[in-house]
Amino acid sequence: MRTTRRTFLQASMATAAAALLPSALHAQQGQPARRAIPSTREEIPIVGLGTWITFNVGNDPALRDECARVMAAFFEAGGRMIDSSPMYGSSQPVIGYGLQKLGRPSALFSAEKVWTSSGAAGPPQIEQSRRFWGVPKFDLVQVHNLLAWKPHLQTLFQMKAAGAIRYVGITTSEGRRHDLVEQIMRNEPIDFVQLSYNVVDREAEARLLPLASERGIAVIVNRPFRQGALTQRLQGKSLPEWAAELGASSWAQLMLKFILSHPAVTVAIPATSRVDHVRENISATAGPMPDPAMRERISAHVKAL
């Protein structure tokens with residue numbers, strides 16, 4: 001095939017564009033792709049495990065064992081980050097049950113939250129959460145939905161300085177209080193911000209994701225499927241033929257690839273109570289990631305359905 005100036009330029013542009021995403025994604029054979037936490041360069045897999053609702057199963061032994069099986073499949077597939085909160089009902093002790101049953105996997109990256117309106121109540125709540133999980137310390141503790149964020153951040157920074165936790169973060173969900181999130185990101189030395197972002201909820205693209213890149217803050221994405229509403233809406237609808245170009249065999253994988261291909265995103269945390277879904281989610285890290293034009297195509301296609 002004859003190389004012309006035009007084809008040479010097209011190939012060069014394609015190579016440069018493709019390099020933008022893989023440069024931030026690292027994969028090992030048989031393991032999910034990873035991204036670096038900007039503040040330390042520690043690499044973590046780009047799909048984690050959320051526990052909102054799905055792990056709130058109380059003391060039901062059968063349901064607790066189901067959650068433990070989900071966790072086992074998650075670790076077997078190369079996952080690391082599990083995220084929870086005191087707001088999530090029985091999720092914390094259920095995580096602790098699963099970790100104990102699995103022999104406390106060393107791969108775990110524990111992401112917890114503080115959620116109380118009293119600054120003084122923060123430390124005992126964090127300690128109670130630690131006991132529920134049964135871990136020596138948390139990797140990450142986040143101020144949940146910015147509740148009493150000033151005293152809690154002070155506590156978390158002190159804990160980090162003392163080596164009691166490794167990372168400090170804040171969270172928001174459903175597009176709330178982005179102005180305050182932006183203010184904290186600009187003025188506080190946080191390691192992580194957790195926010196909602198998916199193919200239809202893209203407000204974070206305007207300010208928060210670019211700011212995270214600028215400030216060197218890792219991004220955790222919650223509600224990647226709008227708490228299951230998106231996957232339910234698309235159930236029974238055929239995937240577009242071009243999804244195969246990305247190696248996506250399900251709507252969940254296609255929507256996760258949209259999220260994970262944004263260079264500011266460090267990890268997405270879909271919640272599930274099914275072993276097949278956790279494997280499907282982690283498999284979304286394999287294969288090509290969409291470029292900016294394909295990202296727009298994915299978003300427009302889902303919105304039109």
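See the structure shown above.
Residues numbered from 1 in each chain as written. Predicted model: local features only at pLDDT ≥ 70, side-chain atom pairs only at ≥ 80, totals over all residues. Heavy atoms only, no water.

## Things to note about the overall build of the protein
So, step 1. Helix and strand counts for the protein come out as eleven helices and ten strands.
So, step 2. For the protein, the C-alpha radius of gyration of 20 Å lies close to 19 Å, the compact-globule estimate for 305 residues.
So, step 3. Considering only C-alpha atoms, the protein reaches an extent of 70 × 45 × 35 Å along its principal axes.
So, step 4. In the protein, which comprises 305 residues, the proportion classed as buried is 51%.
So, step 5. Sequence-distant contacts, at least 24 apart, represent 75% of the contacts inside the protein between residues at least 6 apart.
So, step 6. For the protein, the accessible area works out to roughly 13800 Å², and carbon and sulfur atoms hold 52% of it. (Helix = DSSP H or I, 4+ residues; strand = E, 2+ residues; numbered from the N terminus. Rg over C-alpha atoms; globule rule 2.2 N^0.38 Å. Buried < 20%, exposed > 50% of the residue type's maximum accessible area, 1.4 Å probe, protein only. Contact = heavy atoms within 4.5 Å. Areas by Shrake-Rupley, 256 points an atom, 1.4 Å probe, with all protein chains shown as cover.)

## Topic: the packing of helix α3 (residues 91–101) against helix α4 (residues 122–133)
So, step 1. For the pair α3 and α4, interaxial distance at closest approach is 7 Å and the crossing angle is 35°. Where α3 approaches α4, its residues Gln92, Pro93, Ile95, Gly96 and Leu99 are matched on the opposing element by Ser129, Phe132 and Trp133.
So, step 2. Looking at the contact of α3 with α4 residue by residue, the classes come out as five nonpolar, three polar and no charged. (Axes fitted to C-alpha atoms, helices over the stretch in contact; angles between N-to-C directions. Nonpolar A, V, L, I, M, F, W, Y, C, P; charged D, E, K, R; others polar.)

## Examining α4
So, step 1. Over its twelve residues, α4 runs 17 Å from end to end, which matches the ideal 16 Å to within 8%, given 1.5 Å per residue.
So, step 2. What α4 keeps buried is the set Gly122, Gln125, Ile126, Ser129 and Trp133. Looking straight down α4, one finds that the buried residues subtend no more than 100° of arc, so they occupy a single side.
So, step 3. On its buried face, α4 sits against β4 (81–83), α3, β5 (109–114), β6 (138–143) and α5 (149–161). (Expected span 1.5 Å × (residues − 1). Arc of directions from axis to C-beta.)

## With respect to the pattern of salt bridges
So, step 1. Per the stated rule, a full pass over the model turns up 17 salt bridges.
So, step 2. Across the salt bridge formed by Arg207 and Glu182, the nearest N and O atoms sit 2.6 Å from each other. Note that Arg207 is positioned in the loop between β8 (192–196) and α7 (208–215) and Glu182 in helix α6 (residues 178–187), a separation of 25 residues in sequence.
So, step 3. Each member of the salt-bridge network shares a partner with another, and the members are Glu42, Arg80, Asp139 and Arg166. (Salt bridge = Lys/Arg side-chain N within 4 Å of Asp/Glu carboxyl O.)

## Focus: the sheet that holds β5
So, step 1. An order of β3-β4-β5-β6-β7-β8-β9-β10 is seen for the eight strands of this open sheet, with the pairing classed as parallel. Two strands in the sheet have a free side with no partner beyond their single neighbour: β3 (49–50) and β10 (267–268).
So, step 2. Judged from the five bridges that link them, β6 and strand β7 (residues 165–171) form a sheet pairing that is parallel. Across the sheet, the residue bridging to Val141 is Val168, located in β7.
So, step 3. Packing against the sheet, helix α2 (residues 61–76) makes contact with β3 and β4, and its axis sits at approximately 150° to β4.
So, step 4. Contacts from α4 reach β4, β5 and β6, with the element oriented near 145° to β5. (Pairing = 2+ DSSP bridges.)

## Things to note about the packing of aromatic side chains
So, step 1. On inspection of all chains with the given rule, the structure shows seven aromatic pairs.
So, step 2. Aromatic side chains Trp52 and Tyr88 sit 5.1 Å apart centroid to centroid with 45° between the ring planes, which places their arrangement in the tilted category. With Trp52 in the loop between β3 and α2 and Tyr88 in the loop between β4 and α3, this residue pair connects regions lying 36 residues apart in the sequence.
So, step 3. Judged by its relative accessible area of 35%, Trp52 falls in the partly exposed class. (Phe/Tyr/Trp six-rings, centres within 6.5 Å; stacked < 30°, edge-to-face > 60°.)

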